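Close look at the chain arrangement
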Amino acid sequence: VNLAVELSEKFYERNPDIIIAVSGGGSGLGIASLYNGQADIANSSRPLSDDEVRLFKEKNIELITNVFAEDATAFVVNKNVPLDEIDVPTLAKIMSGEISNWKSVTGEDRPINIYGRQSSSGTHSFVQKKLKIKYSKHAKEMNGNAQIMEGIKVDQSGIGYVGAGYLLKKASQIPSVKPLKIAPERGQTAVSPLDEKAIQNKKYFFQRPLFQFIPKQSWEK
């Protein structure tokens, strides 16, 4: 959503007679708004589902798909958690609830609190698919990056995920939250979600393209 706001502001500088209104809420909400005629562009962190493709087809809405960015998802913990990197298998066990205490990971005897997104979020489904898990039933469902960051900021037992672009903007303002470097397997090199060169070279485990879906009838506009 922050990227969409910046793009719209730059667009307005060149086209001052065209107003673009941007609102958030997750990929699912954007796609639904497009289907219901309440939006001209849906920004999404996931492709359309088979059901969505069918619904648009039934309504005779032809969509143009534009891949406009490469996004990285960062896993964050409170700065007081004695952990700077984590491997994917361990992370999968944490997010699924198989590991529910930090003791086996950091040595600290604390229950793990998971902060995630609601099920309509593209990031929610992306993380789940990449980890090949079902989320722990105790995971908290938050409305966006800001809520997750605020939760982790005060919770020394918390772990959550946010857009790395959001973190780049906010890291200096929220020094009590830190991103973890991610290693695909134990013993392999861990990569930071804030390493732009690594993202450009597709070296980071949790990265994906970002899509814009635009109805053909709205394309000229």
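Because the structure is predicted, anything quoted here is derived from the model rather than measured. (Residues numbered from 1 in each chain as written. Predicted model: local features only at pLDDT ≥ 70, side-chain atom pairs only at ≥ 80, totals over all residues. Heavy atoms only, no water.)

In this section: the environment of Lys59. For Lys59, the location among the structural elements is in the loop between helix 3 (50–58) and strand 2 (63–78). Classification of Lys59 by relative accessible area gives partly exposed; the value is 41%. Between the C-alpha atoms of Lys59 and Tyr35, which are 24 residues apart in sequence, the distance is 8.4 Å. Residues within four places of Lys59 in sequence aside, it is in contact with Tyr35 and Asn36. (Helix = DSSP H or I, 4+ residues; strand = E, 2+ residues; numbered from the N terminus. Buried < 20%, exposed > 50% of the residue type's maximum accessible area, 1.4 Å probe, protein only. Contact = heavy atoms within 4.5 Å.)

Here the focus is a nonpolar patch on the surface. Together, Val1, Val5, Phe11, Ile18, Ile20 and Val22 make up an exposed nonpolar region whose accessible area comes to about 430 Å². On the basis of relative accessibility, which here comes to 30%, the residue Val5 falls in the partly exposed class. (Patch = residues over 30% accessible without salt bridge, like charges linked within 9 Å, V, L, I, M, F, W, Y side chains within 5 Å. Areas by Shrake-Rupley, 256 points an atom, 1.4 Å probe, with all protein chains shown as cover. Salt bridge = Lys/Arg side-chain N within 4 Å of Asp/Glu carboxyl O.)

By the criterion of burial, strand 9 (residues 207–215) is predominantly enclosed, with 8 of the 9 residues buried. Here 3 bridges tie strand 1 (residues 42–44) to strand 9, and the two strands are oriented antiparallel to one another. Its bridge partner lying in strand 9, Ser44 is registered against Phe211. Relative to strand 9, strand 2 is paired through 9 bridges, and the arrangement is antiparallel. The partner of Leu63 across the bridge, within strand 9, is Pro215. (Pairing = 2+ DSSP bridges.)

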